[in-house]
Amino acid sequence: MKQRILAAAKTLAGKDRRASHLDVERMAAAGACSEEEFAAGFGDTLVFQRELMAELFADARLSVIRATTAMPSGLEQLLQAFMLYLDYNLEHPALQEIAHQLQYDPTGYEMLQRMEIGTAMVTQKDLEAAGANRVQARAKLLTSVAVAVVRAEYKAGRKLPDLRAVLEEYAGLSCVVQPGSPLVD
């Protein structure tokens, strides 16, 4: 039942490109569930929105994985993954809308942090394959930069080529060891 309601919510969010407005009344009005089913599945709107955000992020992650899985690990795969994720967020603004709303909820914030940590872990593998050093720190920073670009593009409602270029440049520089750099081990 929960999966059926979440699938309906993703469809509704995709149609009007919004997610934060979805609650028991709107879900019932759309025929996705009864108020009793919603209450039995989620208890309240906040729990529902958290689970919807997790589903939307899982869809984004799966989209990126499908597009990059055949690529060898390294800088090219990393850049492709970041650009695909940025594009996905622009095409599905409901994801960032609900993430923006839930960042002020302690549990929602914790979920966002875990998602960012997971992204940094995948980024770390690509940086290692590209020959970068201090990969854990670089992965955290690159992931934070990517999140900042996602948020800026969400607010602008369009691609921000200068920010994307800086993200690509920083990723590339992360894989080039500069002689005399304080970042060299």
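This text goes with the structure placed above it.
Rules used throughout
- Residues numbered from 1 in each chain as written.
- Predicted model: local features only at pLDDT ≥ 70, side-chain atom pairs only at ≥ 80, totals over all residues.
- Heavy atoms only, no water.
- Core = buried A, V, L, I, M, F, W, Y, C linked by side-chain atoms within 4.5 Å.
- Buried < 20%, exposed > 50% of the residue type's maximum accessible area, 1.4 Å probe, protein only.
- Helix = DSSP H or I, 4+ residues; strand = E, 2+ residues; numbered from the N terminus.
- Contact = heavy atoms within 4.5 Å.
- Phe/Tyr/Trp six-rings, centres within 6.5 Å; stacked < 30°, edge-to-face > 60°.
- Expected span 1.5 Å × (residues − 1).
- Arc of directions from axis to C-beta.

### Brief notes about the nonpolar core
Consideration 1: Judged by nonpolar contacts, the single largest core of 47 residues is most densely connected at M27, F38, F48, L52, M53, F57 and L127.
Consideration 2: Top element by residues in this core is helix α5 (residues 75-91). It accounts for eight residues.
Consideration 3: In this view, F48 contacts I5, L6, A9, L22, M27, F38 and F42; residues no more than four positions away in its chain are not counted.

### Re the packing of aromatic side chains
Consideration 1: Under the counting rule described, the total for this entry stands at three aromatic pairs.
Consideration 2: A ring pair is formed by F42 and F48, whose centres lie 5.2 Å apart and whose planes are at 70 degrees; its orientation type is edge-to-face.

### Describing helix α9 (residues 161-174)
Consideration 1: In a regular helix each residue adds 1.5 Å, so 14 residues correspond to 20 Å; α9 covers 20 Å between its end C-alpha atoms and thus fits that length.
Consideration 2: Three or more residues of α9 are buried, namely R164, L167, A171, G172 and S174. Within α9, the buried residues cover an arc of 160 degrees as seen down the axis, which keeps them to one side. The exposed residues of α9 that point more than 90 degrees off its buried face are P161, D162, V166 and E169.
Consideration 3: Packed against the buried residues of α9 are α5, α7 (106-129) and α8 (135-156).

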